[in-house]
Amino acid sequence: MDDTLNVTEKSRLRRIHQRGHFDRKTINAILDAQPMCSVGYIIDGHPYVTPTFQWREGNRIYWHGSSASRALRQSKDAEVCLTVSILDGFVLARSGMHHSANTRSVMLFGKAQKVEDPAAKLEHLRHFVNGLFPGRYDTLRPDHAQDLKATMVLGMDITEGSAKVRTGHPGDEEEDYALPIWAGVIPVTTQIGTPIPDPRNLASVNLPDHVRNFRLE
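Cut-offs applied
Residues numbered from 1 in each chain as written. Predicted model: local features only at pLDDT ≥ 70, side-chain atom pairs only at ≥ 80, totals over all residues. Heavy atoms only, no water. Helix = DSSP H or I, 4+ residues; strand = E, 2+ residues; numbered from the N terminus. Buried < 20%, exposed > 50% of the residue type's maximum accessible area, 1.4 Å probe, protein only. Contact = heavy atoms within 4.5 Å. Areas by Shrake-Rupley, 256 points an atom, 1.4 Å probe, with all protein chains shown as cover. Lys, Arg positive; Asp, Glu negative; His and termini not counted. Charge placed at Lys NZ, Arg CZ, Asp CG, Glu CD. Core = buried A, V, L, I, M, F, W, Y, C linked by side-chain atoms within 4.5 Å. Phe/Tyr/Trp six-rings, centres within 6.5 Å; stacked < 30°, edge-to-face > 60°. Expected span 1.5 Å × (residues − 1). Arc of directions from axis to C-beta. Disulfide = S-S within 2.5 Å. Patch = residues over 30% accessible without salt bridge, like charges linked within 9 Å, V, L, I, M, F, W, Y side chains within 5 Å. Salt bridge = Lys/Arg side-chain N within 4 Å of Asp/Glu carboxyl O. pLDDT = per-residue confidence, 0-100.

Trainee: Lay out the overall build of the chain with the relevant residues and their values.
Mentor: Looking only at helices and strands, the chain has 5 helices and 10 strands in total. Projected onto the principal axes, the alpha-carbon positions of the chain cover approximately 65 × 45 × 35 Å. Going through the 217 residues of the chain one by one, you find that 34% of them count as buried. Pairs at least 24 apart in sequence give 69% of the contacts found in the chain among residues at least 6 apart. When the accessible surface of the chain is totalled, it reaches about 13500 Å², and 54% of it is carbon and sulfur. The positive charge centre, built from 26 side chains, and the negative charge centre, built from 26, are 5 Å apart in the chain.

Given below as C-alpha cells:
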C-alpha cells in the first residue's frame, strides 16, 4: 500500500496544517507507542466513545472487548472513528491564549469488521499479548473455547486518517517576549513502575524477562 494516506475531507486539518502528518511511518509510530485508544460510534442516533486497547498488524488496526458489549456489537460493519493520544508536555506561554501542549495523536476513520474465524481471532489475540509482552502468550494456559466466545475482535484497514504532532516551545506574540513572565515546557512522560507480584504466585515462579524489561516508547 502507499506510504502516505490520501487526504480526505474528514482527515484534513482545518488549521495549523504544519502539525498534520499523513505518512504511515509517523502514524504507525504513534499507534505502536500507545496501546490505549478511544473508539467513537453511533448507537440509535446518539454518539458514544469507549476506551479500549488497540494493536496494529501491518496496515490494519484491531481492538477487542466483550462479545456482550453493546458498543462492539453495534460497531460491526459500522463506520467508526478511532483515536490515540500521547501527552508529551505542557507548554506555558506568556499569555493564556498561547498556552498549549506537546502531543502526538492519530485519528482514523473506517468500517469496523468483526473477526469471525476462531483461528484468526486466536492469532490476533496472540499478536496483541505478545506485542506488549514478547513471548508471554505461549507461556499461558491455552484459551478455553468460552474465552474466545466471550471475546470479540474488531479490525479495520488504516486507509483514512491523519496524525497530529506538536513539539517545541510556545509561540508567543513578538512583543510579549519582553515581558518578565516565565515560559517554557513542562515535560510529561509515562513511567513504568516496579512490577508487583500477585501474592498467590507460586514460590517457584520467577519474574519473566518480558515483565522485567517492559517498556512503552
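Trainee: How would you explain the nonpolar core if you had to name every residue and give the values?
Mentor: By size, the foremost hydrophobic cluster in this structure holds 26 residues, and its most contacted members are Leu-31, Ile-61, Trp-63, Leu-82 and Leu-108. If you list the elements that add at least two residues to this core, you get α1 (24–33), β2 (36–43), β4 (60–66), α2 (70–75), β5 (79–92), β6 (100–111), β8 (151–157) and β9 (160–165). Ranked by size, the runner-up nonpolar core spans 10 residues in total, among them Leu-125, Phe-128, Val-129 and Tyr-137.

Trainee: If you had to explain the packing of aromatic side chains to someone new, which residues and values would you point to?
Mentor: By the definition in use, this model includes 5 aromatic pairs. Between Tyr-41 and Tyr-48, the ring centres sit 6.1 Å apart and the planes meet at 5 degrees, which makes this aromatic pair stacked. Overall, the relative accessible area of 29% leaves Tyr-48 in the partly exposed class. For the ring pair Phe-133 and Phe-214, a centre distance of 5.4 Å and an interplane angle of 35 degrees mean the geometry is tilted. Taken as a pair, Phe-133 in the loop between α3 (118–132) and α4 (145–149) and Phe-214 in the segment after α5 (209–212) lie far apart in primary sequence, 81 residues in all. Counting every residue linked through ring pairs, the aromatic cluster contains Phe-53, Trp-55, Tyr-62 and Phe-128.

Trainee: Account for α1, naming residues and giving values.
Mentor: Since the α-helix turns once every 3.6 residues, residues separated by three or four places project in the same direction. Restricting attention to buried positions, one finds in α1 the residues Arg-24, Ile-27, Asn-28, Ile-30, Leu-31 and Ala-33. Taken together, the buried residues of α1 touch β1 (20–21), β3 (46–57), β4, β5, β6 and β9.

Trainee: Residues and numbers for α3, please.
Mentor: Taking 1.5 Å of rise per residue, 15 residues should cover 21 Å, and α3 covers 22 Å from first to last C-alpha, within 8% of that figure. Restricting attention to buried positions, one finds in α3 the residues Lys-121, His-124, Leu-125, Phe-128, Val-129 and Leu-132. The arc that holds the buried residues of α3, viewed along the axis, is 135 degrees, so those residues lie on one side. In α3, those exposed residues whose orientation departs by more than 90 degrees from the buried face are Ala-119 and Gly-131. Looking at the buried side of α3, the elements it contacts are β3, β4, α4 and β8.

Trainee: Can you explain the state of the cysteines? Please cite residues and give values.
Mentor: Taken as a whole and assessed by the stated rule, the structure comprises 0 disulfides. The structure places no disulfide on Cys-37, whose sulfur is separated from the nearest cysteine sulfur, that of Cys-81, by 10 Å. Taking relative accessible area as the criterion, Cys-37 reaches 2% and is therefore assigned buried.

Trainee: Just give me the short version of a nonpolar patch on the surface, but keep the residues and values in it.
Mentor: A contiguous nonpolar patch, built from Leu-87, Phe-90 and Ile-186 and spanning about 260 Å² of accessible area, is present on the exposed surface. Residue placement: Leu-87 occurs in strand β5. Since its relative accessible area comes to 37%, Leu-87 is described here as partly exposed.

Trainee: Break down the confidence of the model for the chain for me, citing the residues and quoting the values.
Mentor: When pLDDT is averaged across the chain, the result is 93; 100% of the residues are at 70 or more. The lowest-confidence element of the chain is α2, averaging 74 in pLDDT; the highest-confidence one is strand β10 (residues 184–187), averaging 98.

Trainee: Talk me through the environment of Ser-105; I want residue IDs and the actual numbers.
Mentor: By the element assignment, Ser-105 lies in strand β6. According to the relative accessible area criterion, Ser-105 is buried, its value standing at 18%. When the C-alpha atoms of Ser-105 and Glu-160 are compared, they prove to be 14 Å apart, with 55 residues separating the residues in sequence. In this structure Ser-105 touches Ile-30, Val-84, Ser-85, Ser-162, Ala-163 and Lys-164, once residues within four positions along its chain are discounted.

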